[in-house]
Amino acid sequence: MDSLQSEPILPKAVILYGDGTAVEYDVFLHDGDLVSRCDLCGLPVKVGIKRNTVNLHRHRGGQPCRRNAALGTYMHKPQVSDTEGGVTPQPSIQWPQSPPTTAADSRSKTPIPSIHVLPASSPGPATPSDSSNDSIPIASDDDLPMYSIPHVAPAERDESISEITDSLDDMHLHPEPPSNRFPGASKCRGALTQWLPGNAWTTYGFSRHATSVMDWEPVSITSDGKYIRLLGRGCHVILSTPEEEQRECCSVCSAVPNLASFRKFMTDAAGESKAHTPYRFLNHEQLVTLLQTKSNEERALRTRLWNKERQIRRLSKKLGDHKRVMMLLSQNDVPALRRLVAASLKRSGSSSTLLNTIQRCLTSNYRPRSGFTQRDFDKAFLSKSYGGDRMLNTLQRAEGYPSRTTLLKHHHVPQLLPSLGIPTAEEIRVNIVALLDPAVRKPPTKSSAGILPGIIVMIDGVALEEICRYESVRNVILGLCREHSKLLNLVINSIEDLEKIADALERQRDDPHACHRGKDGTVLAIATVSDSEQYTPIPLILSPSCKAETGKQLAAWLRTFIDVWREHPFGEALYGPIRALASDGESSFRLARYNLCMSETVQKDQPLGQLLWDLPGLNLQTGKYNILGTCDPKHVFKRFATLLQIVSGILVDETYLVPTDIQASLMRIPGMTEHKAKGLLDPADKQNVPKAVTLLQDLHSLGTDPDIAPVVDPASQQRARAIEFLAETLMYFTKPFIDVTMDLKDQCRSLATYAHLAAAVYLKEGLNFLTSALYADSQAIVKNIFVTIAKLFVDDPNLPYYIIHEGTDRLENIFSNVRTQDHARNFDTLQLSQKLSVATEIVATCLRNPDLDLGHRRLDLVGAKGVDRINPASLKGTYTVGSVCLADEWKGGETDANALLEKTFGKEWVVDYKTRFSRASNLDFLRPDQPDAFIGSKWHASDARLEVAEKLPAENEDCEEDWEDIDDEVETPAGLEGIRDIEDQLELEQELDNGSDDATADSRTIMIDGKKFLKSSVVHVMLSAGDSERRKVTMRTLRAQGLTMDDLRKRKSDDWIAGSDDEGLMKARDPAAVLVRIDGKICLAVVEVLAFQFPGMRTYVSEVSLDRLETKGDKCPLVIAQIFVMAPRDDGEESAAPNGWMWTGDYARMVSDTVEHRRTRSKQYYLRIPGYLVHPLVAAPIDDSTGHLTWYIEHHDLVDTQNYAWSVLNPDTEEIMGNLTHLPTIPTSLTTSSLLPYRWHDSTSILAVPEDQLPKHLGVKHKGTEKVPCKLCGEVLTLSKMRAHCGQHILYHSRKLSDPRLEGIEDVPHIGPNPCGWCGLGDTECVVQLIREGKKTPKIYSNCDYHYETMRYQHAAEFSDTSPCTNVPIHCPICDVSVSGEQRTFWKYNAVHHALSAHSHLLGDGVLLRSVPKQFLVDTFVTSAEEHALSIDEFATVRYREDLGIPNTDGIEEERDILLGKRTSRDRGASFIHVDNREPIRQRTNSIQ
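Residues numbered from 1 in each chain as written. Predicted model: local features only at pLDDT ≥ 70, side-chain atom pairs only at ≥ 80, totals over all residues. Heavy atoms only, no water.

Here the focus is the overall build of the protein. Counting its regular elements, the protein contains 49 helices and 43 strands. Taking all 1489 residues of the protein together, the buried fraction comes to 49%. Sequence-distant contacts in the protein: of pairs separated by 6 or more residues, those separated by 24 or more amount to 69%. Accessible surface, the protein as shown: approximately 71,300 Å² in total, 50% of it carbon and sulfur. (Helix = DSSP H or I, 4+ residues; strand = E, 2+ residues; numbered from the N terminus. Buried < 20%, exposed > 50% of the residue type's maximum accessible area, 1.4 Å probe, protein only. Contact = heavy atoms within 4.5 Å. Areas by Shrake-Rupley, 256 points an atom, 1.4 Å probe, with all protein chains shown as cover.)

Here it is as structure tokens:
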């Protein structure tokens, strides 16, 4: 190996190894490389120009190093300094204050004092003479153990000597020695400087030297890291002066500690690193601190990350649940979603809870039971009111609405309390509180001036079902007229109270103690005068009337209402004063208005008088509190039209106008047809407001339409002029109420014109133009409008006023609502009160929820014809009262009226109104003749024109309603009584379920004969039975089902032929035959089958098999049919009978004489017949004389069918009586008698059962209290006791005893073996039949004139001391069932005769009696006690039983107990008793006969 250079080329440095050894090392040049020797083996190791000691660290202590050390290959070893011999740790450095720093050093956190290098000869750290106060002494090498600092080059590379020299020159480490260098000078060891930031090992920024060119570099550090030796950039290497020798460092190195860059470097090392400082500028301690900080931050961030991940997972789950909720909601209609969400939020509020709740709702019909708001109840109430219970049930299931029960519990409908008699103040107060409480209904708001516009009181009547009803709330009877019910006690506590009311109802109408059912319900309601939204009336009084009330009586209780209204806190205080009292044209209402609204006069000095005083002709009389009276304009319209339609005509300028004149004028209108003109003039439809308005509009067009055809002849011209004037006059009144383009001032002018015209015509024609009532009502309307405008103007000129709200027309809207709440368009008093309450609550609910209200339809009515009802939304003008000058409009009306009068009739018709109707004259339009003679205050002969017209029915008024009942009755098989009982029962059960206690339930029942009955049912039976004729008939038309009358009457021939092909079936619309009873006769009727109904089924079928049709008993089907009107048809030759019969196309109306002229009802046209009584017919379709198809039936077929039908009824047996009861009974009248029986030309009944074949005394019966003579002994007894009396005669005869009551009587009637139990005769044709209908009391039918129809069967069949005779009709358990579904009937005392005649046969000389069941003996057995009570000798009883083999009483009692299950039979097989003793039977039979 080449030897090393003898002298090191770089200063010594200290290296600290991992084992704690600090070794000084030199750098030599060896083979062109910079090397240093290993302190253990002396091997040269490459270090490079930057003294990279990595190779030394890798080599030292390794295997090559240990091997070389063992061989001793290298002799030289560096001197090793013991680390433990180092300087002991010094106390912490006290940093002195430094002078102000420059801008470059301003970032230093801790100022560094100046550092001076001390000579190496100094014994210890000392302060040089030229050092300042802030200098820090530097220790020498003798005092401090030094270690070389390893320098690691960024990358080892091979460099040539020239490159290294150049590098050293660049670093100024080996400059040329100075010229004054003295011999023997030492090398520069660098400046030993105290490291103030702390331990240099950890606080010195070594990495700065690897990345930056520094003005120094560390060459050694003390073991405690407090001192560091620095070698300056450009070090002289060789000391050139004694001072440098003394310091052991050159001047360059000695200046390093005081360099600004070094001081800054030390300051940066001492302080905390600034944020965002690059890592290469940080020392170890700063890196450790930064690392710890970053580690803490990392841990914190990791914790936050974990938390965020958990939060994200949680939110992801929630988001998933939310998405699933959205998906469920998008795919399903979730009922009660709001309440479901509320319930979920109440529990936890999570999306998963909501999801689970919704899934439960969709899968298991889960619904939250709470959470309903008032709006929910309002919606449910409106749904139930508009659509009924089924609609509410549907919405409950589909949308989660409250159920009907929940609605009843939480939504209280304020009830209108019907008056029991004359309305009282207390009843009025109760209704005001119930319906006008601000908590129930929002009161109207005040105007901008703080004024309540006030109300109008409306009175109108509505037709009622004349039915008495029980009201459980007050325990009273409703439905009696207020005029007469004051004499009765309407509170029901006992049956006697009902009997008194029933007695009053049955009395004659003129009886002073009589009472009547209310046929007209008087309704009083209030409505705002000035409001475009809340103008629906509120009913406050309902009182039934019999129309006998006078105007004064009506005014009396109206005055009571006015007084209560003024004082009640919910009355005038909330709704304002009463402005007017309105009614229809009824005479009593008009008289009441005069009594209440004409008592005071408006004075000129009053604010109201200042506006109205200068209006000549306007009546200024008002009632107390300035209340006015008015009428309904719509009633005036209808009466205008009626005047044009009636034959009494109208007089205009001596021209008498009749309907034919009006029709001729209408025909002049282009497009008018005769049919349409007659339709407009048809008085049958006098209540049709649109038609009345159309008629008035068409007539008015005669004078305005230029296309009207002219009139040529003079007579027609005069009539045309009169008609045009009439139409113009009437249109002046009508137009303001139907023209939506007129402003309020235009309306006032038009009405003023009418008022002046009507007064002028009255002055000329009197009441021949308008009737007294019509004139008064129309003038009252004009007066009320003008005076009301003046009143509102005084209060607030900005108030609106709509004349379309005049009168009672708004009340008709309430009645329309009432009639359409369900399918029953008619109602009784109780139903009307309930429906009015519901209608009022509907309005109140819509006011609370305006968005649920459909609102008012804004119709475009400009130029429309037949306008009826208009709402404010359709109006297009200005309607504030401040926009009207009443004086100007009144004067304008006077001018227009005189202009029309002059134009039509000349100047002689012009009226000086100011003079004629001056205030001094006390005359006005309501009293144009005399100051005290008000027109319309009394009945006038002119009023008869309209009254007669209103009473005349239309010619075909009920032509469609005749047929409507067919469908209604067929679809409703239950009777009225049954329906009422069911409704009452359900009503009671509902009220009991809603919390009524036992006492309340008992108050709704009444005791009758020890049994408890519902009062509602008892009231209906006792007070409303037989009221079917009193019910108002308003039925649905068949047009709703797509059927016409022709569909019911006629069918196509192919349909009939197809029906006849189906053998074995009877179908709807097929002809059939049935026997009917009419006027004591039984005849054949041909019927058309409508439908079939089976027992227990509510629906109907259209066909049934003939075998099924013959079923009897409880399973017998019913046939609904109509009777054909048949006409005979023959070949023109004289004969005893026609060839056949043809249907005329009409149906027979089954009506009695008492209701011949009453309203037609459907039940008068159809029958419900047991199927086994209906027999099919062979009929053929043919053309009648008009070319229409009809039925034709051969006469002999009808005769054969009649004979067969009569034979089916078993006329030769006692069954005929029961069978006859099933035949339809046709009431007797002129109509029915002319149709049935079917007759030949000579009026001979040829399709009727001959009278000699009919049972005797058919339909002739005595009453039970009637006294009749016994047909055997002649004793006179009441009919109820005759059965027991004759029973004693029968027992005497059957026991072969002498009857003491028949002794001395000659020609005693023969009793015989089978006597009648009613009369006792045996040679008569008396028959009897017992009919059992389920568990009901058996019915007995008989043709005997002594038949006691009201006999209590169970009581008569049981033996008692007071009624010992048990001879009653009984069924034979052996006989077969008859056509009526019952077994044969015989009298109990005739049991032996029945057994011998029906259940025995001859055997040789004797009679063999068939075995009879034990039940037969038990039912027919006569006890010894009964025979003893009827005076039968005991020996005769024993002999009779022995002769016939009848067991004794004990034996029969034992068998009876066995049959009833009270005792065990000894011989279960002995179900029949055999009679073998034939000889006694033969003898006994002969003796009985």
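The subject of this paragraph is a positive patch on the surface. Together, R310, R313, R314 and K318 make up a positively charged patch on the protein surface. Its place among the elements puts R313 in helix α9 (residues 284–331). (Patch = residues over 30% accessible without salt bridge, like charges linked within 9 Å, V, L, I, M, F, W, Y side chains within 5 Å. Salt bridge = Lys/Arg side-chain N within 4 Å of Asp/Glu carboxyl O. Lys, Arg positive; Asp, Glu negative; His and termini not counted. Charge placed at Lys NZ, Arg CZ, Asp CG, Glu CD.)

On to the nonpolar core. Ranked by size, the top nonpolar core spans 143 residues in total, and within it L540, F561, W565, L666, F733 and L770 carry the most contacts. Per element, the largest residue contribution to this core is 12 residues, and it comes from helix α25 (residues 744–765). Dropping the residues within four chain positions of it, L666 is found in contact with M672, A677, L680, L681, L695, D698 and L699. The next biggest cluster of nonpolar side chains, apart from the first, holds 55 residues, and it includes I1082, V1174, Y1238 and V1249. (Core = buried A, V, L, I, M, F, W, Y, C linked by side-chain atoms within 4.5 Å.)

All chains considered together, the criterion is met by 34 salt bridges. Between K317 and D321 there is a salt bridge, and its shortest N-O distance comes to 3.3 Å. With a gap of 4 residues between them, K317 and D321 both fall in helix α9, about one helical turn apart. A salt bridge links D924 to R927, with the nearest nitrogen and oxygen atoms 2.8 Å apart. The same class applies to D924 as to R927, namely buried. Linked by salt bridges that have partners in common, R590, R593, R639 and D777 make up one network.

It is worth spelling out the side chain of D809 at this point. Along the chain, D809 falls in helix α27 (residues 809–819). Among the polar contacts listed, one links the side chain of D809 to the side chain of K634, at a separation of 3.1 Å. Beyond its immediate chain neighbours, meaning those up to four positions away, D809 contacts D632, K634 and R869. (Polar contact = N/O pair within 3.5 Å; in protein donor to acceptor, adjacent residues only side chain to side chain.)

Strand-to-strand pairing in sheets goes through backbone hydrogen bonds, with the strands running parallel or antiparallel. Ordered in space as β14-β13-β10-β15-β18, the 5 strands form an open sheet in which the pairing is mixed. Among the strands making up the open sheet, the edge pair consists of β14 (538–545) and β18 (628–631). Direction aside, the axes of adjacent strands within the sheet are offset by 25 degrees on average. Here 7 bridges tie strand β13 (residues 520–528) to β14, and the two strands are oriented antiparallel to one another. Of the residues in β14, the one forming a bridge with G521 is P544. The strands touched by helix α28 (residues 829–848) within the sheet are β10 (455–463), β13 and β14, with β14 carrying the most contacts at an inclination of about 170 degrees. (Pairing = 2+ DSSP bridges. Axes fitted to C-alpha atoms, helices over the stretch in contact; angles between N-to-C directions.)

Moving on, we come to the packing of aromatic side chains. All chains considered together, the criterion is met by 29 aromatic pairs. The rings of W195, Y204, F206, W216, F262 and F265 are connected pair by pair, giving a single aromatic cluster. When the ring centre of Y625 is taken as origin, the NZ or CZ atom of R566, which lies over that ring, is 3.8 Å away. Directly above the aromatic system of Y1440 lies the positively charged group of R1295, at a separation of 3.9 Å from the ring centroid. (Phe/Tyr/Trp six-rings, centres within 6.5 Å; stacked < 30°, edge-to-face > 60°. Lys NZ or Arg CZ within 6 Å of the ring centre and 35° of its normal.)

Pairing geometry for strand β28 (residues 1140–1147) and strand β32 (residues 1189–1194), over 3 bridges, is antiparallel. Its bridge partner lying in β32, M1142 is registered against Y1192. One ladder, built from 4 bridges, connects strand β31 (residues 1180–1183) with β32; its direction is antiparallel. The partner of A1180 across the bridge, within β32, is Y1192.

What follows deals with α25. If you check α25, its first and last C-alpha atoms are 31 Å apart, about what 22 residues at 1.5 Å a residue would give, namely 32 Å. Looking one or two residues beyond α25, the residue adopting positive phi is G766, at roughly 70 degrees. (Expected span 1.5 Å × (residues − 1).)

Our focus in this paragraph is the side chain of D1070. By the element assignment, D1070 lies in the loop between β23 (1065–1067) and β24 (1071–1078). Discounting chain neighbours no more than four positions away, the residues touching D1070 are V1087, E1088 and V1089.

On to the environment of A425, then. Within the fold, A425 resides in helix α14 (residues 425–436). Judged by relative accessible area, which is 21%, A425 ranks as partly exposed. A425 sits 136 residues away from F561 along the chain, and the two C-alpha atoms are 6.9 Å apart. Excluding residues within four positions of it along the chain, A425 makes contact with T560 and V564.

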